[in-house]
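Notes for the structure review
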Amino acid sequence: MIGKEQLSGAVGEIGLSGRPVLVHAALRSFGAPLDGGADALIDALVGRGCTVLVPAFTEPHFEVAPPPSMRPARNGVDYDRPRPGESLPAPAVFTPDCGLVNPRLGAFPAALIARTGARRGRHPLNSFAAFGPDAERLVRGQGPEDVYAPLRALADRDGRSLLIGVGLNRMTVIHLAEQRSGRRLFRRWARTEDGGVAMVEVGSCSEGFHRLEPWLRSGVRTTTVGAARWAAHPVRETLASVVSALVAEPGLTRCSEDCPACRDSIAGGPLG
């Protein structure tokens, strides 16, 4: 059993105290149960003065099929191929209090959004949620038209991106760096309150992000708790390094030659 003291000690050891922190965590990576589960990790961070930010995405619940009039070219999508959910009944409209999160994100985001006092952005497919003293300030700028406002706010507050037992393919701040390097974000579709469908911006494929590792060694602080490796990356420096890498070598993040999302993102993203 891993206790709260170990978790709190690790937070302080890698310089997270008092900072906003974007957390990507695989709880299984600890190799032993946490005494208190996901909530113990949240408590350890908040107890050290952190505001915890997480991706709280809901694509499986709220993404809808693209109308024929909303299908930009070079969008990382084969429009002739059926998409998950297209045969399902019309989904409800996303609200920040829906209580839903993509199960693939794991137990940690689900525990955070369930907390009284948690705040959540208003993007229908890729919302971020936060808990702690700066929660409202981190997420209040996010809406359907601005998916990465919380990540910019995180960078403005000299925040950290914390990877616990996961790799760079889970680091969402890299998507903001892609946008800053000149790539347009992909478009996906969600239902609006009036029953229509709107296009919203989302990120690209992340399975090639591990290729950025040589560019991201400076400033990272690491520790190990149980069997889980923690890596805390300074967000401002990470964004600058990734932008430099992508400008120098645009194809660096390609995961495979046959990935349409990588192909279209590297080419610059959607047209029109």
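The text that follows walks through the structure, step by step, so that each part is easy to find. (Residues numbered from 1 in each chain as written. Predicted model: local features only at pLDDT ≥ 70, side-chain atom pairs only at ≥ 80, totals over all residues. Heavy atoms only, no water.)

A short note on the sheet that holds strand β8 (residues 221–225)
Applicable threshold: Two strands qualify as a pair provided that DSSP identifies no fewer than 2 bridges between them. The helix count covers DSSP runs of H or I at least four residues long, the strand count covers runs of E at least two residues long, and both are numbered beginning at the N terminus. Contacts: residue pairs with any heavy atoms within 4.5 Å of one another. Each axis is a line fitted through C-alpha atoms, taken for helices only over the stretch in contact, and angles between the N-to-C directions span 0 to 180 degrees.
Strand order in the open sheet made by the seven strands is β3-β4-β2-β1-β5-β9-β8, with mixed pairing throughout. Each edge of the open sheet is held by one strand with a lone partner, namely β3 (119–120) and β8. Looking at chain direction, strand β1 (residues 20–25) and strand β2 (residues 51–55) are connected through three bridges and run parallel. By the bridge assignment, Pro 20 is partnered in β2 with Thr 51. In this fold helix α8 (residues 235–248) packs onto β5 (160–164) and β9 (228–234), with an angle of close to 80 degrees to the strand it touches most, β9.

Describing the pattern of salt bridges
The condition that has to hold: A pair is scored as a salt bridge if a Lys or Arg side-chain nitrogen falls within 4 Å of a carboxyl oxygen belonging to Asp or Glu. Categorising residues by exposure relies on relative accessible area from a 1.4 Å probe, with only protein chains included: less than 20% of the type maximum marks a residue as buried, more than 50% marks it as exposed, and the intermediate range marks it as partly exposed.
Summed over the entire model, instances satisfying the criterion amount to twelve salt bridges. Across the pair Arg 115 and Asp 39 runs a salt bridge, and its minimum N-O distance is 3.1 Å. Of the two residues, Arg 115 is situated in the loop between α4 (107–113) and β3 and Asp 39 in helix α2 (residues 37–47); the sequence distance between them amounts to 76 residues. Relative accessible area serves as the criterion here: at 33%, Asp 39 is assigned to the partly exposed category.

Quick word on the pairing of β5
If a strand is regular, its side chains alternate between the two faces of the sheet. With five of five residues buried, β5 lies mostly within the body of the structure. Burial along β5 is two-sided: the residues Arg 160, Leu 162 and Ile 164 and Ser 161 and Leu 163 are all buried. The pairing of β1 with β5 spans five bridges and is parallel. The residue bridging Ala 25 from the neighbouring strand is Ile 164, located in β5.

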